[in-house]
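Descriptive analysis of the structure
Listed here are the chains, written in short residue letters.
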Amino acid sequence: MDQLLCSPAIAAGLTKVEARIRRLSGSSALPAINAGAGHVVAAGGKRLRPAMTLAASLALGKTPDRRVITAAACIELIHAGSLVHDDLIDRASERRGARTLNAELGDGKALVIGDFMLARAGLAAIVNLSRPVAEVLAAAVVQLAEGQYLETVGLFDTGRTRESALRSITGKTAALFRASCLVAAVCAHAPAEDRARMATYGEKFGLIFQVLDDLLDLTATSAQLGKPTGNDLRQGVYSLPLLMSGIDLGGLGPSMTDEQVTEVLREVRESRMTADTIAYCRGLAADAVAALPVIHDPETATLLYGLPSAYVDHVERLTGLTIAG
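Nothing here was measured: the structure is a model prediction, and the numbers come from that model.

Comments concerning the state of the cysteines
- Per the counting criterion, the structure on display carries zero disulfides.
- Of the cysteine sulfurs around C74, a residue in no disulfide, the closest is that of C187, at 9.4 Å.
- Note on C74: relative accessible area 0%, which makes it buried.
- Residue C187 is classed as buried on the basis of its relative accessible area, which comes to 1%.

Some details on the pattern of salt bridges
- Enumeration according to the criterion identifies 15 salt bridges in this entry.
- We note a salt bridge from D258 to R234, for which the minimum N-O separation is 3.8 Å. Here D258 is found in helix α14 (residues 258–269), whereas its partner R234 is found in helix α12 (residues 231–235), with 24 residues between them in sequence.

Some details on the side chain of D217
- For D217, the position within the fold is in helix α10 (residues 192–219).
- Of note is the side chain of D217, whose polar atom sits 3.2 Å from the backbone nitrogen of N231.

Description of the nonpolar core
- Counting 101 residues, the largest nonpolar core has L4, I10, M52, M117, L212, L233 and L242 as its most contacted members.
- Not counting residues within four places of it along the chain, the set of residues in contact with L4 comprises I10, L48, A51, M52, A55, L303 and L307.

Section: the environment of N102
- Tracing the chain through its elements places N102 in helix α6 (residues 101–105).
- Judged by relative accessible area, which is 10%, N102 ranks as buried.
- For the pair N102 and N34, spaced 68 residues apart in sequence, the C-alpha separation works out to 15 Å.
- Apart from residues lying up to four places away in sequence, N102 is in contact with D87, L88, R91, A92, D107 and A110.
- Of the polar contacts made by the side chain of N102, one reaches the backbone oxygen of A92; its length is 2.8 Å.
- A distance of 3.0 Å separates polar atoms of two side chains, one belonging to N102 and the other to T100.

Some details on a nonpolar patch on the surface
- Among the surface-exposed residues, L123, I126 and V127 lie close enough to one another that they form a single nonpolar patch of about 280 Å² accessible area.
- Tracing the sequence through the fold places V127 in helix α7 (residues 107–129).

Side note on the packing of aromatic side chains
- Taken as a whole and judged by the stated rule, the model has six aromatic pairs.
- An angle of 50 degrees between the planes, with centres 5.3 Å apart, marks the rings of F177 and F209 as tilted. You can see F177 sitting in helix α9 (residues 162–187) and its partner F209 sitting in helix α10, a full 32 residues away along the chain.
- Its relative accessible area of 0% is what places F177 among the buried residues.
- On the basis of an interplanar angle of 15 degrees and a centroid distance of 5.7 Å, the ring pair of F209 and Y311 is categorised as stacked. Separated by 102 residues along the polypeptide, F209 in helix α10 and Y311 in helix α16 (residues 298–324) bring together distant segments of the chain.

Here's the deal with empty space enclosed by the protein
- With the rule as written, the count across this model stands at one cavity of 30 Å³ or more.
- Size it by volume and the largest cavity reaches roughly 140 Å³.
- Lining the largest cavity are 14 residues, and of these V40, A43, D87, R95 and T100 sit closest to its centre.
- Looking at the lining of the largest cavity, the elements with two or more residues in it are α3 (31–42), α5 (66–90), β2 (98–99) and α6.
- Among the elements that line the lining of the largest cavity, the one with the most residues is α5, at four residues.
- A breakdown of the residues in the lining of the largest cavity according to their chemical character gives seven nonpolar, three polar and four charged.

Definitions and limits used
Residues numbered from 1 in each chain as written. Predicted model: local features only at pLDDT ≥ 70, side-chain atom pairs only at ≥ 80, totals over all residues. Heavy atoms only, no water. Disulfide = S-S within 2.5 Å. Buried < 20%, exposed > 50% of the residue type's maximum accessible area, 1.4 Å probe, protein only. Salt bridge = Lys/Arg side-chain N within 4 Å of Asp/Glu carboxyl O. Helix = DSSP H or I, 4+ residues; strand = E, 2+ residues; numbered from the N terminus. Polar contact = N/O pair within 3.5 Å; in protein donor to acceptor, adjacent residues only side chain to side chain. Core = buried A, V, L, I, M, F, W, Y, C linked by side-chain atoms within 4.5 Å. Contact = heavy atoms within 4.5 Å. Patch = residues over 30% accessible without salt bridge, like charges linked within 9 Å, V, L, I, M, F, W, Y side chains within 5 Å. Areas by Shrake-Rupley, 256 points an atom, 1.4 Å probe, with all protein chains shown as cover. Phe/Tyr/Trp six-rings, centres within 6.5 Å; stacked < 30°, edge-to-face > 60°. 1 Å grid on protein atoms, 1.4 Å probe; cavity = no way out; pocket = protein on both sides within 12 Å on 5 of 7 lines; lining within 4 Å. Points joined across faces, edges and corners; volume = space filled by probe spheres on them. Nonpolar A, V, L, I, M, F, W, Y, C, P; charged D, E, K, R; others polar.

Next up, the structure:
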């Protein structure tokens, strides 16, 4: 992932994307909304989704122009707005070391600012880009909402299936990665087959990203995560890795004590969960690479072909260190 973000061409593009994000997030007629949205985007993040938009554009032979930069900024603005809503749902008070909007301003104001960010991205797409790009972004927002809803209604469901968990994360996470790559293909006027291939690549990587994030919640240390481990367990989100562990979920529930959470974490770490999850993600990585269209630029080809496996390798090293420690 670091190789992607450190690529000179992508790093240069991300500088422009960052400026565009700040202009869009500060475009309300109400200064208080601009301040709130600015607080969210200034909190940082790796900007992985817009980086993938830039990489996909280069892969399709199109140097990122103003339209691609704007599309990438819209993707990140949607991501940031969805995080505001996630924090509301989770009642989170901190994200990336900063206080959340709901903790700072209250739920009502945070909700409206999150709505503004989603709507502003859509408006920028339809005014500055094209209807097809706006349709891709709107479809992604619909899938984000559906995926998050499926997770919400499945909280503390000890009968949750792997298929249900996969459907949820396909919507709440993979859909926006899919859109990240697809908007680049649309801006490049790529053939239908190449659009479909880039979209599949983005979706498969998005699944890898979320599944491994869920794995780290169960296996990493608090120092590695920057937050307490087992948050999903406490909140009743029974993730795909947990379901792959094969442990009995009957003892889980909203009244679990910290001691019980610790015991469940010990049990899943001693199971085959980590190995099975890593193997599952390697299969997704192979599917992602197989989906890619022909890429003529050697540097971009190396980045996109190597990204899925490199990210799996990175998390496998983290889990290995955790197990050894």
